[in-house]
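A structural walkthrough
What follows is the residue order along each chain.
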Amino acid sequence: MSAFLTLRTPMLDRECLIEAIEATGLRRADIEVHARARALTGYQSGMQAEIVLRKQVTGDRYNDVGFRRTPTGYVAILSDDHPRFGRAWLADVQVAYDAAWTRKQARLAEAERQRLEEERRQLVEAQRVAIHAKAKAMGYRVKETRVGETVRLALVRRTY
Amino acid sequence: MALNLARTLSRSAANGPGERFVVWVQGCPLACPGCWNADTWSFGRRHVVQEDALVEEILATDGIEGVTFSGGEPFMQARALARVAARVRAAGLSVFVFTGYAREELTGRHAELLAHTDVLVSGRYREELRVAGLPWRGSTNQQVDFLTNRYGPEAMGGGAEVEILLGPQGATVTGFPVEIGQLLPC
């Protein structure tokens, strides 16, 4: 076999990396994902990776392809001379990773926005219920109206 | 003509008769102890609004029967408010003014705003004379004057004494609240 390349990438997120690999035309079932690094076949130096494409995917004549998790991101382990899973493919993975990461950031931001909004709604509802109870105990009648997101509670002194 | 405002509320039922657009002006020299709106005492620039813009905003608000000027001390900006009052009254709205001055103190330059006022509530807020449930007044020494025929004493009944708005910006209380802590849970 030929020499191999180890390319450091800024890919930090496993979910996005898997999504990016799939985006290059592979099925999810083609991608082995392990919590602990597993040995890659075809290399002489005992290379290991957590995300692996086996020979069944890369081809019998070629090495496995792997992505090894490191503190600074996933590192790609692949053969430079592979006609499909070489440097050009890795560039495609990186482009797809960037897109997946952007989508994930948007999802997280939206989820956080919704969480905060729900928290605020619950607070308003708790205040509304408490004010109704307190106002009633203090002899007020409460007229409630809503304008957009704002609840308006008008407290009118009961005269009966 | 420019006005220095503390805030506005486009719709309130606790600041005079019916649904009203409320304008709290910025700046008051009276500094009544116990005032609810001590943040409006300073004469520093806060929200400077042109008369035209304020009138447009008021007239664009559906379903109100009038405008209320509060503060701060409305008569410290009497001329500009008089111009706003004249224009909104011409459009059929009523004008209600809360002032900390006693009626007899309102002379000279104040007359222009008085001339466009339907209801005037006047007098210093005196904490020791605070009584809950007084329509439109914070303390018993304050006086309600109906300066035109538009409203009479019957208008003082049945309105909201306190109003609480719960929204994205938090909780706001307006009107004549009892101890706010008694009403708001936090």
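Up top is the structure.
Residues numbered from 1 in each chain as written. Chains lettered and ligands numbered in written order. Predicted model: local features only at pLDDT ≥ 70, side-chain atom pairs only at ≥ 80, totals over all residues. Heavy atoms only, no water.

Looking at the overall build of chain A
Each helix and strand counted, chain A has three helices and seven strands in total. Shown N-terminal to C-terminal, the secondary structure of chain A runs as helices and strands in the order β-α-β-β-α-β-β-α-β-β. Computed over the C-alpha atoms, the radius of gyration of chain A is 28 Å, more than 25% above the 15 Å expected from 2.2 N^0.38 for a compact globule of 160 residues. Expressed as lengths along the three principal axes of its C-alpha atoms, the size of chain A is roughly 95 × 25 × 25 Å. Residue pairs at least 24 apart in sequence account for 45% of intrachain contacts in chain A once pairs closer than 6 positions are excluded. Taking the average place of the 29 positive charges on the side chains of chain A and the average place of its 21 negative ones, the gap between the two points comes to 10 Å. (Helix = DSSP H or I, 4+ residues; strand = E, 2+ residues; numbered from the N terminus. Rg over C-alpha atoms; globule rule 2.2 N^0.38 Å. Contact = heavy atoms within 4.5 Å. Lys, Arg positive; Asp, Glu negative; His and termini not counted. Charge placed at Lys NZ, Arg CZ, Asp CG, Glu CD.)

A closer look at the sheet that holds strand β6 (residues 140-147) of chain A
One open sheet accounts for four strands, arranged β6(A)-β7(A)-β8(B)-β9(B); its pairing is antiparallel. Every other strand in the sheet has two partners, leaving β6 of chain A together with β9 (170-175) of chain B as the edge strands with one partner each. Pairs of neighbouring strands in the sheet enclose a mean axial angle of 20 degrees, with direction left out of account. Taken together, the eight bridges between β6(A) and strand β7 (residues 150-157) of chain A define a ladder with antiparallel strand orientation. Residue Tyr140(A) lies in a different strand from β7(A), and its bridge partner there is Arg157(A). Across the sheet, helix α3 (residues 87-137) of chain A lies against β6 and β7 of chain A together with β8 (162-167) and β9 of chain B, angled at about 155 degrees from β6(A), the strand it touches most. (Pairing = 2+ DSSP bridges. Axes fitted to C-alpha atoms, helices over the stretch in contact; angles between N-to-C directions.)

Looking at the pattern of salt bridges
Residue and element names in this part refer to chain B. All chains considered together, the criterion is met by 32 salt bridges over all chains. Put simply, Asp-118 and Arg-89 hold a salt bridge, and the shortest N to O gap is 2.9 Å. Linking Asp-118 in the loop between α3 (111-114) and β6 (119-122) with Arg-89 in helix α2 (residues 78-90), this pair joins segments that are 29 residues apart in sequence. Owing to a relative accessible area of 3%, Asp-118 belongs among the buried residues under this scheme. Between Arg-103 and Asp-145 there is a salt bridge; the shortest N-O distance is 3.6 Å. You can see Arg-103 sitting in the loop between β5 (94-98) and α3 and its partner Asp-145 sitting in strand β7 (residues 143-146), a full 42 residues away along the chain. Judged by its relative accessible area of 34%, Arg-103 is partly exposed. According to the relative accessible area criterion, Asp-145 is buried, its value standing at 14%. (Salt bridge = Lys/Arg side-chain N within 4 Å of Asp/Glu carboxyl O. Buried < 20%, exposed > 50% of the residue type's maximum accessible area, 1.4 Å probe, protein only.)

Notes on helix α1 (residues 14-23) of chain A
Every buried residue of α1(A) is accounted for by Cys16(A), Leu17(A), Ile18(A), Ala20(A) and Ile21(A). Backbone geometry just downstream of α1(A) places Gly25(A) in the positive-phi region, at approximately 110 degrees.

Points about the pairing of strand β4 (residues 65-70) of chain A
All names here are of chain A. As judged from the three bridges shared by strand β3 (residues 48-53) and β4, these two strands associate in the antiparallel manner. Within β4, the residue paired with Val-52 across the bridge is Gly-66. Examined bridge by bridge, β4 and strand β5 (residues 73-79) share five bridges and lie antiparallel to one another. If you follow Thr-70 over to β5, its bridge partner there is Gly-73. Where β4 hands over to β5, the hairpin turn is made up of two residues, counted between the paired strands.

Topic: the packing of aromatic side chains
Residue and element names in this part refer to chain B. Inspection of the entire model under this criterion finds eight aromatic pairs over all chains. Where Trp-36 meets Phe-176, the ring centres are 6.0 Å apart and the plane angle is 70 degrees; that geometry is what we call edge-to-face. Of this pair, Trp-36 sits in the loop between β2 (20-25) and β3 (47-50) while Phe-176 sits in the loop between β9 and α4 (180-183), and the two are 140 residues apart along the sequence. Since its relative accessible area comes to 38%, Trp-36 is described here as partly exposed. On the basis of relative accessibility, which here comes to 9%, the residue Phe-176 falls in the buried class. Among the aromatic residues, those joined into a ring-pair cluster are Trp-36, Phe-96, Phe-98, Tyr-125, Trp-136, Phe-146 and Phe-176. Positioned over the ring face of Trp-24 is Arg-7, at 5.8 Å from the centre of the ring. (Phe/Tyr/Trp six-rings, centres within 6.5 Å; stacked < 30°, edge-to-face > 60°. Lys NZ or Arg CZ within 6 Å of the ring centre and 35° of its normal.)

Topic: the nonpolar core
Core analysis: the biggest nonpolar cluster contains 31 residues, and Ile58(B), Phe69(B) and Phe75(B) have the highest contact counts within it. The set of elements that each furnish at least two residues to this core consists of β1 (2-12), β2, α1 (51-59), β4 (66-70), α2, β5 and α3 of chain B. Sort the elements by how many residues they give to this core and α2(B) lands first, with seven residues. One finds Cys16(A), Trp89(A), Val93(A) and Tyr97(A) within the second-largest nonpolar core, a separate group that totals 22 residues. (Core = buried A, V, L, I, M, F, W, Y, C linked by side-chain atoms within 4.5 Å.)

Focus on the state of the cysteines
All names here are of chain B. Taken as a whole and judged by the stated rule, the model has zero disulfides over all chains. For the unlinked cysteine Cys-28, the closest cysteine sulfur is that of Cys-32, found at 6.2 Å. Using a relative accessible area of 13% as the deciding quantity, one classes Cys-28 as buried. (Disulfide = S-S within 2.5 Å.)

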